[in-house]
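A closer look at the structure
One letter stands for each residue in the lines below.
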Amino acid sequence: MLPAGVIALAVSGAFFTTSMQNAPKNNAGLRFGYNAIAGKCGNIEVNCDDVPSDDMCHISGTTGPLAYDKQAGNNCVNALWHREE
């Protein structure tokens, strides 16, 4: 009887580990940022955040053009912040 209990415990532990790896991450504040061309949104999309932080969200790494929130009318005028992973 003991080996059956050990096997059941091992299977349930493996299932729990797998289910925790697939648990949803906190996506609060997640926004897609876009490059801006004369105030209109371009077609480059990056992961950004709408929660203020020390770092602005850039299209390419930590430098270069800022990423903007897409508003009604395809307007890109509000800069977004870097998404902390």
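Residues numbered from 1 in each chain as written. Predicted model: local features only at pLDDT ≥ 70, side-chain atom pairs only at ≥ 80, totals over all residues. Heavy atoms only, no water.

On to the pattern of salt bridges. According to the stated counting rule, one finds two salt bridges in the structure shown. When the shortest N-O distance is used, the salt bridge between Arg31 and Asp69 registers 2.7 Å. Remark: Asp69 occurs in strand 5 (residues 68–71) and Arg31 occurs in strand 1 (residues 30–37); sequence separation between them is 38 residues. The partly exposed category is assigned to Arg31, whose relative accessible area is 31%. You can call Asp69 buried: its relative accessible area is 11%. (Salt bridge = Lys/Arg side-chain N within 4 Å of Asp/Glu carboxyl O. Helix = DSSP H or I, 4+ residues; strand = E, 2+ residues; numbered from the N terminus. Buried < 20%, exposed > 50% of the residue type's maximum accessible area, 1.4 Å probe, protein only.)

It is worth spelling out the state of the cysteines at this point. Per the counting criterion, the structure on display carries two disulfides. In this model, Cys41 is linked to Cys76 through a disulfide, with the two sulfur atoms separated by 1.7 Å. Because the torsion about its S-S bond is 100°, the bridge between Cys41 and Cys76 counts as right-handed. Here Cys41, found in strand 2 (residues 40–49), pairs with Cys76, found in strand 6 (residues 75–79); they are 35 residues apart in sequence, far enough to count as distant. You can call Cys41 buried: its relative accessible area is 11%. Residue classification places Cys76 among the buried positions, given a relative accessible area of 3%. (Disulfide = S-S within 2.5 Å.)

With that settled, the discussion passes to the confidence of the model for the chain. Looking at the chain, pLDDT values average 78 and 66% of them are 70 or higher. The element-level mean pLDDT for the chain is lowest in helix 1 (residues 2–21), coming to 48, with strand 5 highest at 95. Note on residues 5–9: pLDDT under 50 across the span, and zero contacts to partners over four residues away in sequence or across chains. Taken together, the stretch residues 14–24 has pLDDT below 50 and engages in zero contacts with residues farther than four places along the chain or on a different chain. (pLDDT = per-residue confidence, 0-100. Contact = heavy atoms within 4.5 Å.)

With that out of the way, let us pick up the packing of aromatic side chains. The geometry of an aromatic ring pair is captured by the separation of the ring centres together with the interplanar angle, meaning the angle of the planes. Under the counting rule described, the total for this entry stands at zero aromatic pairs. Over the aromatic face of Tyr34 sits the side chain of Lys70, whose NZ or CZ is 4.3 Å from the ring centroid. (Phe/Tyr/Trp six-rings, centres within 6.5 Å; stacked < 30°, edge-to-face > 60°. Lys NZ or Arg CZ within 6 Å of the ring centre and 35° of its normal.)

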